[in-house]
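Letter by letter, the chains look like this.
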Amino acid sequence: MRRFTLIAVPYFWLLVLFLVPFIIVFKISLSDTALAIPPYTPTLDLNSGWEGIKGFFADLDWENFTFLTTDDLYWKAYLSSLQIAAISTLFTLLIGYPIAYAMAQSADEWRPTLMMLIILPFWTSFLIRVYSWMGILSNEGFLNQFLMWTGLISEPLVILNTNTAVYIGIVYTYLPFMILPIYAALEKLDASLLEAAEDLGCSRLTAFWLVTIPLSKQGIIAGCFLVFIPALGEFVIPSLLGGSKTLMIGKVLWEEFFSNRDWPVASAVAVILLLILIIPIVLFQRNEQKQREAEGQ
Amino acid sequence: MAETAFAPWNDESATPLIQFKNVTKRYGDFVAIDNLTQDIYAEEFFALLGPSGCGKTTMMRMLGGFETVTEGQILIAGQDMNNVPPNKRAVNMMFQSYALFPHLTISENIAFGLKREGKPKPEIDARVDEMLRLTRLEKFAKRKPHQISGGQRQRVALARSLAKAPKLLLLDEPLGALDKKLRQDTQFELMDIQEKTGTTFVIVTHDQEEAMTVASRVAVMDEGQIIQVATPADIYERPNSVYVADFIGDVNIINGHATRAGDGYDVTYAEGTAPLHAKTSNDLGNSAKCALAIRPEKVSITAQKPSKAANTVKGKIIDIAYLGNLSTYHVELANGQMMKAQAANTRRLERRAFTWEDSVWLSWTDTAAIVLEA
Ligand SMILES: Nc1ncnc2c1ncn2[C@@H]1O[C@H](COP(=O)(O)OP(=O)(O)OP(=O)(O)O)[C@@H](O)[C@H]1O
Ligand SMILES: [Mg+2]
């Protein structure tokens, strides 16, 4: 019984925060637009009894999903989102790993401070931080002013409202999510393993490649998922930093909802996005499970 | 006999494989190794013995190249090692913590060093199989380190360090986690390997019996210094200090005052008792405070005063420790000094000659005891 209650808590959580909203969105995606509040039909009317329920289900159809396939905007947006998310994840890894490594190598008394520095940006609103990037990257922004002052460039670089700005924004925003799991893995690493590798004939570099990297693999995978998954559906960063050419599914979703007020199509877009996300999430969970098994628990 | 002949440390012309020259290692203010000078010769089986924290691992780590030397020099085969990284030394080390790679299987762990040498795969496989057989790990070849027991892990660590057949092998407590039988078998394996390959072993152990069994020489350490280096027999029979006598095996220490007499010393240890006599070549000067060290098995215990013994003392049995083949009698002398005497249990337990509270005589010859500086 106690066991049951313990398990029931996370399941209840999942039900309330994930399943119920998902069912609502899914239902809307099967509905039609209407000039009403809420802006779709049918709505479930329990007062008209069994007939009402039957009529309600009869009105639901896959029309909106079919519509998504007719306009290539949508699949282009999905693809472009996947691409942007993947490339940003790669950059985040390339920047995050050395930082995590340096943290793990630093003296014990420095580690809490460094950890604080990594988490510190979260104390400011995400939106404000993205806005400040606009100030940095714009044509008259700090970056261009600085580069022109040093004489490296004579014309301002156009960064804001391009994909480059989106990459910068995503890498900046999600860097801590990459650093923390990798740092956790590297911190656990037993230094004597590297000594053993060197003893057996590895140079520092090969020891890093053959011991450090494989033993931080779980951290790398966790970090990549923690960056890739939210980056895929990212909306704020592409809308604020990206240009008209930046195509991301989060932005499309927003526009369907709020500009077109086409809730059913927007919901269909969201449902597909979720399905795309479920694949990496399942992979991620499998990875976690494997790790737990590998650690013998 | 080959074994008695192997004594390069007595040979003026022999060049040592390893030379510690005034080596000091400090961690901050703490002196872990204190101005240590020691030669170790090729094909030796050199055992380091000493209490926990005396610097045994530190010595090994400096040899392996994992710790820098604060002062002094370490030479291997005549070459100064101070700036040579571990992977450039023909030395393999078995770590006290084993340091097995958790992401690799047992056989991959063993193959790790061989692969770095770029040997062909069949050769590596053959060598790994040989090592698995040697350490009796065949059944576990495909497992990961966390899936085997502590003793098995220790054997993997041993196999991994042996695999490359290095010129110099450093073993930091290689057999501590094994049961007695397996430990003895592995000891003989090690000696066998040593004989076959001519590898030089430096081994740290907490087990004196092990050091005695395998070592060509034993070094007894204390607080970053080597107190005595000698063959197992010498270190047992002729310790150079109370510390060594006490550290190796069981010993009776009688403190007293030595005065020269004949070819040795007379030692007075209590008022109103005859002095004890011990032959020795140790020179304490004419008259000095001293400690007499006598091994319990060299002390005879009898009911009557023996007529011919060089040294006799009277006492009362306080305690008897039954060890199966032997019994150790704890005897209190008239002055309160406790002494241990060991006797073989040739009779059945219930027919034992002595029991608690018995008055007995202890006796030993004039060569049994060693006179040491107090
Ligand atoms: N990295 C270090 N920093 C400071 N002190 C150290 C360090 N490594 C070892 N020491 C100290 O040096 C001394 C010798 O350590 P060492 O590991 O050589 O002991 P040991 O003889 O191998 O002991 P044991 O038998 O317990 O393994 C110890 O007092 C230890 O506390
Ligand atoms: Mg040690």
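Predicted, not measured: the structure shown is a model, and the values here were computed from it. Residue numbering note: each chain is counted from 1, following its sequence as written. The naming scheme follows written order: chains are lettered A onward, ligands numbered 1 onward. Local features in a predicted model are, by the rule used here, given only for residues with pLDDT of at least 70; side-chain atom pairs are given and counted only at 80 or more, and totals for whole chains, interfaces and linings are based on all residues. As a convention, hydrogens and water are excluded, and side-chain values are obtained from all of the structure's heavy atoms.

S.K.: I keep staring at the overall build of chain A and nothing clicks. Help me out?
M.R.: Helix and strand assignments come from DSSP, with helices taken as H or I runs of at least 4 residues and strands as E runs of at least 2, each series counted from the N terminus. Counting its regular elements, chain A contains 14 helices and two strands. Along the first, second and third principal axes, the C-alpha atoms of chain A reach 80 × 65 × 35 Å. Relative accessibility thresholds used throughout: buried, under 20% of the residue-type maximum; exposed, over 50%; partly exposed, between the two (1.4 Å probe, protein chains only). Across the 297 residues that make up chain A, the buried fraction comes to 39%. Throughout, a contact is declared for two residues whenever any of their heavy atoms are within 4.5 Å. A separation threshold of at least 6 residues defines the contact pool for chain A, and within that pool the share at least 24 residues apart is 70%. Areas reported here follow the Shrake-Rupley algorithm with a probe of radius 1.4 Å; residue values treat only the protein chains shown as occluding. On chain A, roughly 17,400 Å² of surface is accessible, and the fraction owed to carbon and sulfur atoms is 70%. Computing the positive centroid from 16 side-chain charges and the negative centroid from 24, chain A places the two 6 Å apart. Residues scored as charged are limited to Lys and Arg (positive) and Asp and Glu (negative), so that His and the chain ends carry no count. To locate a charge, the coordinates of NZ of Lys, CZ of Arg, CG of Asp or CD of Glu are taken.

S.K.: Before we go on, may I ask you to explain helix 4 (residues 121-134) of chain B in this structure?
M.R.: One full turn of an α-helix is made of 3.6 residues, so residues set three or four places apart face in the same direction. Residues and elements named next belong to chain B. For helix 4, built from 14 residues, the straight-helix expectation of 20 Å at 1.5 Å per residue is met to within 8% by its first-to-last C-alpha distance of 20 Å. Taken together, the buried positions of helix 4 are occupied by I124, V128, M131 and L132. Projected down its long axis, helix 4 carries its buried residues within an arc of 100°, all on one side. Residues P122 and R133 are exposed on helix 4 and point more than 90 degrees away from its buried face. Residues of helix 4 that are buried in the fold lie against helix 3 (106-116) and helix 5 (150-163). Following helix 4 by one or two positions, R136 adopts a phi angle in the positive range, close to 55°. Take the number of residues in a helix, subtract one, and multiply by 1.5 Å to get its expected span. Directions from the helix axis toward the C-beta atoms define the arc.

S.K.: Would you mind showing me how to read the site of ligand 1 here?
M.R.: Residue and element names in this part refer to chain B. The local shell around ligand 1 holds 13 residues, among which S52, G53, K56, T57 and T58 are the closest. A 3.5 Å cut-off defines polar contacts: any pair of N or O atoms within that distance qualifies, except that in protein one atom must be a possible hydrogen donor and the other a possible acceptor, and neighbouring residues in sequence count only when both atoms are side-chain atoms. Between a nitrogen atom of ligand 1 and a side-chain N or O atom of Y27, the distance comes to 3.5 Å. When isolated, ligand 1 has an accessible area of 630 Å², and the protein chains bury 63% of it. Contributions of two or more residues to the shell around ligand 1 are made by strand 2 (30-40) and helix 2 (56-64). Note on residue categories: nonpolar means Ala, Val, Leu, Ile, Met, Phe, Trp, Tyr, Cys or Pro, charged means Asp, Glu, Lys or Arg, and polar means any other residue, Gly included. Partitioned by chemical class, the residues of the shell around ligand 1 number four nonpolar, seven polar and two charged. The rule for a residue being near a molecule or strand is that one of its heavy atoms must lie within 4 Å of it.

S.K.: Is there a simple way to explain the packing of aromatic side chains in this structure?
M.R.: Aromatic rings considered in pairs are described by the distance between their centres and by the relative angle of their planes. Within 6.5 Å between ring centres, the rings of Phe, Tyr and Trp (the latter by its six-membered ring) count as paired, and their orientation is classed by plane angle as stacked under 30 degrees, edge-to-face over 60, tilted in between. Summed over the entire model, instances satisfying the criterion amount to 23 aromatic pairs over all chains. Ring geometry for Y40 of chain A versus W263 of chain A: centroids 6.2 Å apart, planes at 35°, classification tilted. A residue pair is termed long-range when its members are at least 10 positions apart, and Y40 of chain A in strand 2 (residues 40-41) and W263 of chain A in helix 14 (residues 263-294) qualify at 223 residues. We classify Y40 of chain A as buried; its relative accessible area is 12%. Relative to F201 of chain B, the ring of F45 of chain B has its centre 4.7 Å away and its plane inclined at 10°; by these criteria the two rings are stacked. Pair noted here: F45 of chain B is in strand 3 (residues 45-49) and F201 of chain B is in strand 8 (residues 200-204), with a separation of 156 residues, a long-range link. With respect to burial, F45 of chain B and F201 of chain B carry one shared label: buried.

S.K.: Explain the coordination of the magnesium ion (ligand 2) here, please?
M.R.: The reference angle at a metal is 109.5 degrees if four donors form a tetrahedron and 90 or 180 degrees if six donors form an octahedron. At the metal site, the magnesium ion (ligand 2) is ligated by T57 of chain B (OG1) and Q96 of chain B (OE1), and these contacts range over 1.8 to 2.4 Å. Here Q96 of chain B lies in the loop between strand 6 (91-94) and helix 3 and T57 of chain B lies in helix 2, a separation of 39 residues in the sequence. Water is not among the atoms examined, so metal sites may look incomplete; donors are the N, O and S atoms within 2.8 Å of the metal, or within 3.2 Å for Na, K and Ca.

S.K.: What exactly am I supposed to notice about the interface of chain A and chain B here?
M.R.: Where interface size is given, it is often the accessible area lost as the parts come together that is meant. Each partner contributes residues to the interface: chain A has 18 residues there, and chain B has 20 residues. For the chain A and chain B pair, buried surface summed over both sides reaches about 1,700 Å², with 62% attributable to carbon and sulfur atoms. Counted as salt bridges are all cases of a side-chain nitrogen of Lys or Arg within 4 Å of a carboxyl oxygen of Asp or Glu. At the surface where chain A touches chain B, the tally comes to one salt bridge. At the boundary of chain A and chain B, one finds seven residue pairs in polar contact (both at pLDDT 80 or more). Looking at the side of chain A that touches chain B element by element, the count peaks at seven residues for helix 9 (residues 191-199) of chain A. Looking at the side of chain A that touches chain B, its residues break down into ten nonpolar, four polar and four charged. By convention, the term buried area covers the 1.4 Å-probe accessible surface removed from two parts as they join, with the contributions of both added.

S.K.: Would you mind showing me how to read the domain arrangement of chain B here?
M.R.: Residue and element names in this part refer to chain B. Entries for chain B in the domain assignment read domain 1 (14-242) and domain 2 (250-373). Of note, the centres of domain 1 and domain 2, computed from C-alpha atoms alone, are 39 Å apart. At the junction of the two partners, domain 1 supplies seven residues and domain 2 supplies eight residues. Of the roughly 630 Å² buried where domain 1 meets domain 2, counting both sides, 55% is carbon and sulfur surface. Here domain 1 is connected to domain 2 by one salt bridge. Between K298 and E237 there is a salt bridge, and its shortest N-O distance comes to 3.0 Å. Here domain 1 and domain 2 share three residue pairs in polar contact (both at pLDDT 80 or more) between them. The split of the chain into domains comes from an automatic or database domain assignment.

S.K.: Looking at this structure, how should I read unusual backbone geometry?
M.R.: That bond from T41 of chain A to P42 of chain A is cis: its omega, -5°, falls within 30 degrees of zero. Among the structural elements, P42 of chain A can be located in the loop between strand 2 and helix 2 (49-59). In this structure, A99 of chain B is a non-glycine residue whose phi angle is positive, near 50°. A relative accessible area of 2% places A99 of chain B in the buried class.

S.K.: Looking at this structure, I do not really get the packing of helix 9 of chain A against helix 10 (residues 204-215) of chain A. What am I missing?
M.R.: Any two packed helices are characterised by how steeply their axes cross, that is the angle between the axes, and by the distance between the axes. Residues and elements named next belong to chain A. Lines are fitted to the C-alpha atoms to define the axes, a helix being fitted only along its stretch in contact, and any angle between axes, read from their N-to-C directions, falls within 0 to 180 degrees. Orientation of helix 9 relative to helix 10, taken along the N-to-C sense of each, is 140°, at an axis distance of 9 Å. Classified by the angle between their axes, helix 9 and helix 10 sit oblique to one another. Pair helix 9 / helix 10 crosses with right-handed handedness. Each of L193, L194, A197 and E198 in helix 9 lies in contact with helix 10, whose residues at this interface are R204, A207, V211, T212 and L215. Of the residues in the contact of helix 9 with helix 10, the class split is six nonpolar, one polar and two charged. The scheme is simple: roughly parallel for angles under 35 degrees, roughly antiparallel for over 145, roughly perpendicular for 65 to 115, oblique for anything else. Two helices that cross are described as forming a left-handed crossing if the nearer one is turned anticlockwise from the farther one by less than a right angle, and a right-handed crossing if clockwise.

S.K.: Can you help me understand the packing of helix 4 (residues 72-105) of chain A against helix 13 (residues 249-259) of chain A in this one?
M.R.: Residue and element names in this part refer to chain A. Look at helix 4 against helix 13: their axes get within 8 Å of each other, and the N-to-C directions meet at 140°. Between helix 4 and helix 13, the crossing angle belongs to the class labelled oblique. Of helix 13, the residues touching helix 4 (which contributes L73, Y74, A77, Y78 and S81) are I249, V252 and E256. The class makeup of the residues in the contact of helix 4 with helix 13 is six nonpolar, one polar and one charged.

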